[in-house]
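Working through the structure, step by step
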Amino acid sequence: QIWKNALTTSSLEENKQLYKEWASAYDKDLTEHGYDAPKVSAVELNRALTGFCAGTERQPQDFTILDVGSGTGMVAELLAPMGYRL
């Protein structure tokens, strides 16, 4: 039901209320439904930084990553075990 409601909210207040109610289960629900954007983002960022560092003395993990903007930090949770400073 929460998925249907997420697609049909018609006002900012409805949207705020929906996500307030969904917050505690949001990450779990997305993962259970096969949401893989955080994994894809982490892998692609690592790949891009690896290419950027090729031929230099720098390593991808020399960069500090700021994971903000949208979401709940799922990308940061995947980058940390790769050795990135967050």
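Here we summarise the structure given alongside this text. (Residues numbered from 1 in each chain as written. Predicted model: local features only at pLDDT ≥ 70, side-chain atom pairs only at ≥ 80, totals over all residues. Heavy atoms only, no water.)

1. Re the nonpolar core
The following threshold applies: Side-chain atoms within 4.5 Å are what join buried Ala, Val, Leu, Ile, Met, Phe, Trp, Tyr and Cys residues into a set we call a nonpolar core. The classification of residues rests on relative accessible area computed with a 1.4 Å probe and restricted to protein chains. Under 20% of the type maximum is buried, over 50% is exposed, and intermediate values are partly exposed. For the purposes of this entry, the term helix denotes a DSSP run of H or I that reaches at least four residues, the term strand denotes a run of E that reaches at least two, and both are numbered from the N terminus.
By size, the foremost hydrophobic cluster in this structure holds eight residues: Ala42, Leu49, Cys53, Phe63, Ile65, Val75, Leu79 and Tyr84. Going through the elements one at a time, helix H4 (37-53) and helix H5 (74-79) are the ones with two or more residues in this core. Top element by residues in this core is H4. It accounts for three residues.

2. Examining the packing of aromatic side chains
Selection criterion: Any two rings among Phe, Tyr and Trp, with Trp reduced to its six-membered ring, count as a pair given centres within 6.5 Å; such a pair is stacked if its planes are under 30 degrees apart, edge-to-face if over 60, and tilted if neither.
By the definition in use, this model includes four aromatic pairs. Considering the side-chain rings of Tyr19 and Trp22, the 5.5 Å spacing of their centres and the 25° angle between planes classify their relative orientation as stacked. In this pair, Tyr19 and Trp22 are both assigned in helix H2 (residues 12-22), three residues apart and thus about one turn of the helix distant. Under the relative-accessibility criterion, Tyr19 is labelled partly exposed at 37%. The exposure class assigned to Trp22 is buried, which follows from its relative accessible area of 5%. Centroid distance Trp22 to Tyr26: 4.8 Å. Interplanar angle 75°. Geometry classified as edge-to-face. Residues Trp22 and Tyr26 agree in their burial class; the two are buried. Pairwise contacts between aromatic rings join Tyr19, Trp22 and Tyr26 into one cluster.

All quantities given are derived from atomic positions and should not be read as evidence of function.
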